[in-house]
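The residues making up each chain are set out below.
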Amino acid sequence: MRIKRNMTKLTTVILFVLFCITLAACSSDEGNQDKGKSAKNSDMSNTLVYAGESEDTINPILNSHDELPDIIFSGLMKYDAKGKPIVDLAESYQFDKGTNTYTFKLKKGVKWHDGKDFTADDVVFTYDILTKDKTLSASVTSNFEDISSVKALDDHTVVIKLSKYNAAMLDYFTMGILPKHLLKGEDINTASFNKHPVGTGRYKFKDWDTAGGMITLERNEDYYDKVPRIKRVIYKTVSVESTKATMLQSGEADLAWLNANYAEDFRDNDQYKNIDFKTADYRGMAMDFKTDFWKKHADSVSVLNYAIDKQKIVDSVLKGNGFPAYSPIQLSAYGGNKAANMYPYDLGQFKKAMKDLGWEKGKDGLYERDGETFRFTIQVRDYEEERVDIAKIVSTMLKKAGVDMEVELVNKFDWDAGYNGFLYGGAAQFDPDMSYVSFVTGASDNLMHYSNDKVDELLKAGRHTSDKKERKKIYNDFEVAYAKHPSIVFVSYLDGNYVSISGLEGLDTRRVLGHHAVGVMWNIENWTLKK
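I will try to describe carefully the structure that is included in this document. Everything quoted here is computed from the prediction, not taken from an experiment.

### Examining the side chain of Glu-218
With respect to the helices, strands and loops of the structure, Glu-218 is situated in strand β9 (residues 214-219). For Glu-218, the side chain forms a polar contact with the side chain of Lys-206, separated by 3.4 Å. Discounting residues that sit within four places of it in the chain, Glu-218 has contacts with Tyr-203, Lys-204, Lys-206, Lys-231 and Arg-232.

### Overview of the environment of Glu-470
Along the polypeptide, Glu-470 turns up in helix α14 (residues 468-484). Distance in space between the C-alpha atoms of Glu-470 and Tyr-334 is 9.7 Å, their sequence separation being 136 residues.

### Topic: the pairing of strand β19 (residues 404-410)
The sheet contact formed by strand β18 (residues 375-381) and β19 spans seven bridges and is parallel. When the bridges of β19 are listed, Ile-378 appears paired with Val-407. Read from β18 through helix α11 (residues 385-401) to β19, the crossover connection turns out right-handed.

### Let's talk about the packing of helix α13 (residues 453-463) against α14
Contact pair α13 / α14: the axes reach a minimum separation of 9 Å and the direction vectors enclose 160 degrees. Classified by the angle between their axes, α13 and α14 sit roughly antiparallel to one another. For the pair α13 and α14, the sense of crossing is left-handed. The residues of α14 that touch α13, namely those facing Lys-454, Val-455, Leu-458, Leu-459, Ala-461, Gly-462 and Arg-463, are Arg-471, Ile-474, Tyr-475, Asp-477, Phe-478, Ala-481 and Tyr-482. Looking at the contact of α13 with α14, its residues break down into nine nonpolar, one polar and four charged.

### Here's the deal with the sheet that holds strand β10 (residues 232-236)
Reading across the sheet, the seven strands line up as β8-β9-β10-β1-β11-β22-β12 and stay open at both edges, with mixed pairing between neighbours. Both edges of this open sheet fall to β8 (203-209) and β12 (272-277), since each of them pairs with a single strand only. Across the sheet, the mean angle from the axis of one strand to that of its neighbour is 20 degrees, orientation sign disregarded. Summarising the sheet, β12 and strand β22 (residues 496-501) pair through six bridges and their orientation is antiparallel. Within β22, the position partnered with Phe-277 by the bridge is Gly-496. Of the strands in this sheet, β1 (47-51), β10, β11 (255-257), β12 and β22 are in contact with helix α6 (residues 241-250), which crosses β11 at around 160 degrees.

### Points about the nonpolar core
Within the largest apolar cluster, 70 residues are counted, with the highest numbers of intra-cluster contacts made by Tyr-127, Phe-173, Tyr-498 and Trp-527. Broken down by element, the residue count for this core peaks at seven residues, all from helix α3 (residues 120-132). Each residue touching Tyr-127, except ones within four places of it in the same chain, is listed here: Leu-76, Phe-144, Ile-147, Val-150, Tyr-172, Phe-173, Met-175 and Ile-177. One finds Ala-353, Tyr-424, Met-448 and Phe-478 within the second-largest nonpolar core, a separate group that totals 68 residues.

### Describing the packing of aromatic side chains
The tally for this structure, following the rule as stated, stands at 41 aromatic pairs. Ring plane angle 50 degrees and centroid distance 4.8 Å describe the contact between Phe-439 and Tyr-482, whose orientation is recorded as tilted. Of the two residues, Phe-439 is situated in helix α12 (residues 436-439) and Tyr-482 in helix α14; the sequence distance between them amounts to 43 residues. Across the pair, exposure class does not vary: Phe-439 and Tyr-482 are buried alike.

Conventions we followed
- Residues numbered from 1 in each chain as written.
- Predicted model: local features only at pLDDT ≥ 70, side-chain atom pairs only at ≥ 80, totals over all residues.
- Heavy atoms only, no water.
- Helix = DSSP H or I, 4+ residues; strand = E, 2+ residues; numbered from the N terminus.
- Polar contact = N/O pair within 3.5 Å; in protein donor to acceptor, adjacent residues only side chain to side chain.
- Contact = heavy atoms within 4.5 Å.
- Pairing = 2+ DSSP bridges.
- Right-handed = clockwise from strand over helix to strand, strands pointing away.
- Axes fitted to C-alpha atoms, helices over the stretch in contact; angles between N-to-C directions.
- Parallel < 35°, antiparallel > 145°, perpendicular 65-115°, else oblique.
- Left-handed = near helix turned anticlockwise from the far one by under 90°.
- Nonpolar A, V, L, I, M, F, W, Y, C, P; charged D, E, K, R; others polar.
- Core = buried A, V, L, I, M, F, W, Y, C linked by side-chain atoms within 4.5 Å.
- Buried < 20%, exposed > 50% of the residue type's maximum accessible area, 1.4 Å probe, protein only.
- Phe/Tyr/Trp six-rings, centres within 6.5 Å; stacked < 30°, edge-to-face > 60°.

By themselves these figures say nothing about function.
What follows is the structure, given as structure tokens:
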């Protein structure tokens, strides 16, 4: 009986101990789960989720219209709040006018994100690609055509000699530098590096979830300048404009550039902020001069301006967040020549101009010349709602005037399908020479095969002239010459309508932004985030 009672007591003790252990384990598990949740919440509380745009590559040479290269990579120079180039990887520089030579002294102690030392060899490597690699498929190469040689005197000194003076060269020295040790011998166009970039900038690339449409960056704790306050940036690759607005509303994003219609939905909502930037971003119909129609009728591009009520488009599509466009450098200190604004909305003038050009209306109400109807096609990406709306309204206006502009919606621009043009977007937010690559005959971003001897002459003169007053005159003359024989029928400039959650602080609107309002992260190191 005593043994039985002792066994009963022992069993009770064992069961009690096991109960206590189980209870402790449960408490520990719950505690760990709570800690995990807390850690996750804490982690995301300093993570900026940005609803960006679709991306194929992250390489500053190949992708010049994106936020990510600007925060992953660094250039010899960078832009300040006023859009002026100042030193970045360069500690200082000197320019010798007699020999057109720049000498850059580089910052010491700068590391690539993989821990390797940044040196002058990386600078030479990058500019050799831009000036010597004949296989390079990049829109920016014409910006560097005046560079004749790049040499490293030592690990921290680079000498760049120009064949002739270039007024915008310091602007182009903002190009992100690439790591020689990772790209030497690689094909820059197809290198795996383009999806796994390594730079010297404020943020490090961590991961690209292509299936989930998400690129993750971590702040560079070893950054040579001010380390950002926001720990992590998650860049979500989004094509459809309405999706960005939905992501903000659902809490899936903290910041997005929206078209004017969607941005208006967030105004006067205390949970969000509307941050409106000035941009140099313009829209218009760009005509492809390699197509047969424009080879025959290039003289009739400019008069289409008379038939388009641009202010009406600004008021309706852009909700007043922009203004009518007439020049690609309209916002530049060197541009804005009112004499180039020579096409008011006037159907009477349009009718007269068409008659002077030899066009006559047929039985169907459309103009004809030499047996051909004034009919052309414009391709527009179907997910860019603002561009689709602009194109459709322009098409209606032109049809009323007697011109048939057919709008073809595509998922991706097809340059070989025979379309007569596309709904164009561009910007020259810094030096007016940024227009050189798009409008000079044979230049690297002249997508529409435009050629105009007078425009070539003026843009080359503007690039190679140092006197500011003389440059102003040259670019004013360029605006008039281009307006007379344009490749783009300009419609409007857009404001940069950003929307963020209320807890995001520090966005600086002093900088004029570029195409697709790119450049918003120019001072991201000063941003703070509270969720």
